[in-house]
Amino acid sequence: MTKLNFPDVRQPDSPRELWEGEAEALAGAAEAGRRAAAWMRALPVPETGGRPERWVVGELADAVERAMSALEPGDCDRVGPDCVAVDGGVGVDAAAVGRAAGCRATRERGQG
């Protein structure tokens, strides 16, 4: 039988050390999100454009910018101390995910 030596499980509330270059990488991701959102908002929408067109230049652009600015590597999927999988959101809130997916229920609940 092979014994695997996995690293110790980090407790969710223990402070996380930043890896070298993390702050710069996250700043770059946020800037890329702002540029992508600006590009989406600048897309021409026909006067007869319906909900899909308005969604791309509005809600989707907002969700992209919000998500890329909120990335948090410490909130990745992981295994908790009780060996149960914990789904991480990578810092992106449910409202942004719902808006990116075009979820009407998220907007109707006032979360998006």
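Residues numbered from 1 in each chain as written. Predicted model: local features only at pLDDT ≥ 70, side-chain atom pairs only at ≥ 80, totals over all residues. Heavy atoms only, no water.

### Examining the confidence of the model for the chain
Scored by pLDDT, the chain comes out at a mean of 76, with 72% of its residues at no less than 70. The weakest mean pLDDT in the chain belongs to helix α4 (residues 104-108) at 50; the strongest belongs to helix α1 (residues 22-41) at 93. The model gives residues 106-112 a pLDDT under 50, and that stretch makes twelve contacts with residues more than four places away or in other chains. (pLDDT = per-residue confidence, 0-100. Helix = DSSP H or I, 4+ residues; strand = E, 2+ residues; numbered from the N terminus. Contact = heavy atoms within 4.5 Å.)

### Observations regarding α1
In this model, α1 (20 residues) spans 28 Å end to end at C-alpha, consistent with the 28 Å of a helix rising 1.5 Å per residue. Within α1, the full set of buried residues consists of Glu22, Ala29, Ala30, Gly33, Ala37 and Met40. Down the axis, α1 shows its buried residues gathered within 100° of arc, on one side only. Seen from the open side of α1, the exposed residues pointing more than 90 degrees away from its buried face are Glu24 and Trp39. (Expected span 1.5 Å × (residues − 1). Buried < 20%, exposed > 50% of the residue type's maximum accessible area, 1.4 Å probe, protein only. Arc of directions from axis to C-beta.)

### Considering the side chain of glutamate 22
Within the secondary structure layout, glutamate 22 lies in helix α1. Under the relative-accessibility criterion, glutamate 22 is labelled buried at 1%. Leave out the neighbours within four places in its chain, and glutamate 22 touches Arg16, Glu17 and Pro73.

### Section: the packing of α1 against helix α2 (residues 51-69)
Relative orientation of the contacting elements α1 and α2 amounts to 175°, with a least axis distance of 8 Å. One element, α1, and the other, α2, form an angle in the roughly antiparallel class. Between α1 and α2, the residues in contact are Ala29, Ala30, Gly33, Arg34, Ala36, Ala37, Met40 and Arg41 and Val56, Val57, Leu60, Ala61, Asp62, Val64, Glu65, Met68 and Ser69, respectively. Residue classes in the contact of α1 with α2 are distributed as eleven nonpolar, two polar and four charged. (Axes fitted to C-alpha atoms, helices over the stretch in contact; angles between N-to-C directions. Parallel < 35°, antiparallel > 145°, perpendicular 65-115°, else oblique. Nonpolar A, V, L, I, M, F, W, Y, C, P; charged D, E, K, R; others polar.)

### Considering the pattern of salt bridges
The final tally for this structure, using the stated rule, is four salt bridges. Of the charged contacts, one joins arginine 34 and glutamate 31 as a salt bridge, the two residues approaching to 3.0 Å between their closest N and O atoms. You can see arginine 34 and its partner glutamate 31 sitting in helix α1, three residues apart, about one turn around the helix. Assessed through its relative accessible area of 35%, arginine 34 is described here as partly exposed. For arginine 35, the salt bridge is made with glutamate 31, and the minimal N-O distance between the two is 3.8 Å. Here the residue arginine 35 and the residue glutamate 31 both occupy positions in helix α1, the gap between them amounting to four residues, near one helical turn. (Salt bridge = Lys/Arg side-chain N within 4 Å of Asp/Glu carboxyl O.)

### Regarding the environment of glycine 28
Assignment of secondary structure puts glycine 28 in helix α1. For glycine 28, a relative accessible area of 38% puts it in the partly exposed group. When the C-alpha atoms of glycine 28 and methionine 68 are compared, they prove to be 9.3 Å apart, with 40 residues separating the residues in sequence.

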